[in-house]
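# Architecture at a glance
Here is how the chains run, residue by residue.
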Amino acid sequence: MKPNWIYRLAPKAPGSWSWAGAIAFLLVAAVAILPRMYEVGPSIGGSFSLIGQHGHRASDTDFRGKLMLIYFGYTFCPEVCPATLATIARAYDDLSQAEQTIVVPIFVTVDPERDTADRMADYVANFSPALIGLTGKPEEIAEVMKKYRVYAAKVKEGDDVYSVDHSSLIYLVGKDGRFATVIAGDSSAEQIRDTIKKQLAVN
Ligand code: NI
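Counting of residues starts from 1 at the beginning of each chain's written sequence and follows it residue by residue. Whole-chain, interface and lining totals are the exception, using all residues; otherwise, since this is a predicted model, local features are given only for residues with pLDDT of at least 70 and side-chain atom pairs are given and counted only at 80 or more. Excluding hydrogens and water, the side-chain figures rest on all heavy atoms present in the structure.

### A few points about the coordination of the nickel ion
Perfect tetrahedral coordination of a metal by four donors corresponds to 109.5 degrees between them, and perfect octahedral coordination by six donors corresponds to 90 or 180 degrees. Note that water is not among the atoms used; donors are N, O and S atoms within 2.8 Å of the metal (3.2 Å for Na, K and Ca), so sites may look incomplete. Ligation of the nickel ion by protein atoms is provided by Cys77 (SG), Cys81 (SG) and His166 (NE2), these donors lying 1.9 to 2.2 Å from the ion. Here the donor residues of the nickel ion are spaced in sequence according to C-x3-C-x84-H. With respect to class, Cys77 is no different from Cys81; both count as buried. A 1.4 Å probe rolled over the protein chains alone gives each residue an accessible area, and that area as a share of the maximum for its type sets the label: buried under 20%, exposed over 50%, partly exposed in between.

Here's what the structure looks like:
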């Protein structure tokens, strides 16, 4: 029978090796990935000039001094968009009145062919009177989507019917008009509210 101390020592050697391996891997990952993230970060977002739900032009500069909460989707979306917009509306309602005056939730359509200004007006009213709906010419929408790195692709459902497969992220753009951070679309209202509050404390 082996003495007890062998059992105590044996697992330690391979254990410490895998720790060394894990640390080395993390160091390599940090060196390889972090500079890329740093490059990617500042290039998200930018200027836009679109059509608001009341038919007038709306550009990013109209919202300077306010924190924009931008979500991209489409009004025919069966599940994800309505759920996300309802959650954003709840997060907005949870803010203080003073905070609400400097926060603008915005819904930008990725389906401008169907989402006219009138349709956007009816749709956003279901969620919050504060929610602004933006549409535009297809090429204008495409340009904004490219700036925010939004993915969307039409999926044919029938002869004249299609759905749109799209990414689901909430973009925070600071009062200075610069992209600040991104929140996963399936976050809770509390998570969204807390991220807004944190961002308001910064800029
Ligand atoms: Ni959607």
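Moving on, there is more to tell.
### Brief notes about empty space enclosed by the protein
Put simply, the grid is 1 Å and covers the protein atoms alone, a cavity is a trapped set of points that fit a 1.4 Å probe, a pocket is an open set with protein on both sides within 12 Å along at least five of seven lines, and lining residues have an atom within 4 Å of a point. Grid points are joined across faces, edges and corners, and a volume is the space filled by probe spheres set on the points. What the rule picks out here adds up to one cavity of 30 Å³ or more. Counted as a void, the largest cavity has a volume near 30 Å³. Residue lining of the largest cavity: Leu85, Ile88, Ala89, Pro105, Ser128 and Leu131, and that is the complete set. Residues are sorted three ways: Asp, Glu, Lys and Arg are charged, Ala, Val, Leu, Ile, Met, Phe, Trp, Tyr, Cys and Pro are nonpolar, and all the rest, Gly among them, are polar. Residues of the lining of the largest cavity, tallied by class, amount to five nonpolar, one polar and no charged.

### So, the sheet that holds strand S2 (residues 57–59)
Paired strands are those between which DSSP finds at least two bridges. Only DSSP runs of H or I reaching four residues or more are called helices, and only runs of E reaching two or more are called strands; each is numbered from the N terminus. Strand order in the open sheet formed by seven strands is S2-S1-S5-S4-S3-S8-S9, and the pairing between neighbours is mixed. In this open sheet, the two strands that pair with only one neighbour each are S2 and strand S9 (179–184). Adjacent strand axes in the sheet meet at a mean angle of 35°, parallel and antiparallel pairs treated alike. The pairing of strand S3 (residues 67–73) with strand S8 (residues 169–173) spans four bridges and is classified as antiparallel. By the bridge assignment for S8, Leu69 is matched with Leu172. Geometry is summarised by axes, namely lines fitted to C-alpha atoms with helices restricted to the contacting stretch, and by angles between N-to-C directions that run from 0 to 180 degrees.

### Quick word on the pairing of strand S5 (residues 132–135)
A regular strand places its side chains so that they alternate between the two faces of the sheet. Note: strand S1 (residues 49–52) against S5, two bridges, orientation antiparallel. Counterpart to Gly52 in the pairing with S5 is Leu134. Pairing of strand S4 (residues 103–109) with S5, which is carried by three bridges, proceeds in the parallel orientation. Along S5, the bridge assignment pairs Phe107 with Gly133. Each parallel crossover has a hand, and for S4 linked through helix H5 (residues 117–125) to S5 it is right-handed. If the strands point away from the viewer and the path from the first strand over the helix to the second runs clockwise, then the crossover is right-handed.

### As for the nonpolar core
Only buried Ala, Val, Leu, Ile, Met, Phe, Trp, Tyr and Cys residues count toward a nonpolar core, and they belong to the same one when joined by side-chain atoms within 4.5 Å. One finds Ile70, Phe72, Phe107 and Tyr148 to be the most contacted residues of the largest nonpolar core, which totals 46 residues. Those elements that place two or more of their residues in this core are S3, helix H3 (80–93), S4, H5, helix H6 (138–147), strand S7 (162–166), S8 and helix H7 (189–202). With six residues, the top contributor of residues to this core is S3.

### What about the packing of aromatic side chains?
The description of an aromatic ring pair uses the distance of the two centres, along with the angle that the planes make with each other. Put simply, two rings from Phe, Tyr or Trp (the six-membered ring, in Trp's case) pair if the centres are within 6.5 Å, and we call them stacked under 30 degrees between planes, edge-to-face over 60, tilted for the rest. Tallied over the full model, the rule gives seven aromatic pairs. The interplanar angle of 35° and the centroid separation of 5.7 Å between the aromatic rings of Phe107 and Tyr123 together place this pair among those described as tilted. Here Tyr123 lies in helix H5 and Phe107 lies in strand S4, a separation of 16 residues in the sequence. With respect to class, Phe107 is no different from Tyr123; both count as buried. When the ring of Tyr148 is compared with that of Tyr171, the centres are 5.2 Å apart and the planes differ by 75°; the resulting orientation is edge-to-face. Placement of Tyr148 in the loop between H6 and strand S6 (152–156) and of Tyr171 in strand S8 is noted, with a sequence separation of 23 residues between them. Overall, Tyr148 belongs to the buried group, its relative accessible area being 2%. Every member of this aromatic cluster is reached through a ring pair, and the members are Tyr71, Phe107, Tyr123 and Phe127. Whether a charge sits over a ring depends on NZ of Lys or CZ of Arg being within 6 Å of the ring centre and within 35 degrees of the ring normal. Residue placement shows Arg114 over the ring face of Tyr162; its charged tip is 3.6 Å from the ring centre.

### Overview of the pattern of salt bridges
When a carboxyl oxygen of Asp or Glu is within 4 Å of a side-chain nitrogen of Lys or Arg, the pair counts as a salt bridge. Tallied over the entire structure, the rule returns nine salt bridges. The residue Asp94 makes a salt bridge to Arg193 at a minimum N-O spacing of 3.3 Å. One end of the pair, Asp94, is in the loop between H3 and helix H4 (97–100); the other, Arg193, is in helix H7, with 99 residues separating them in the sequence. Overall, Asp94 belongs to the partly exposed group, its relative accessible area being 38%. We note a salt bridge from Lys197 to Glu99, for which the minimum N-O separation is 3.0 Å. Placement of the pair is Lys197 in helix H7 and Glu99 in helix H4, with a sequence separation of 98 residues. Owing to a relative accessible area of 32%, Lys197 belongs among the partly exposed residues under this scheme. When salt bridges with common partners are traced through the structure, they connect Asp94, Arg193 and Asp194 into a single cluster.

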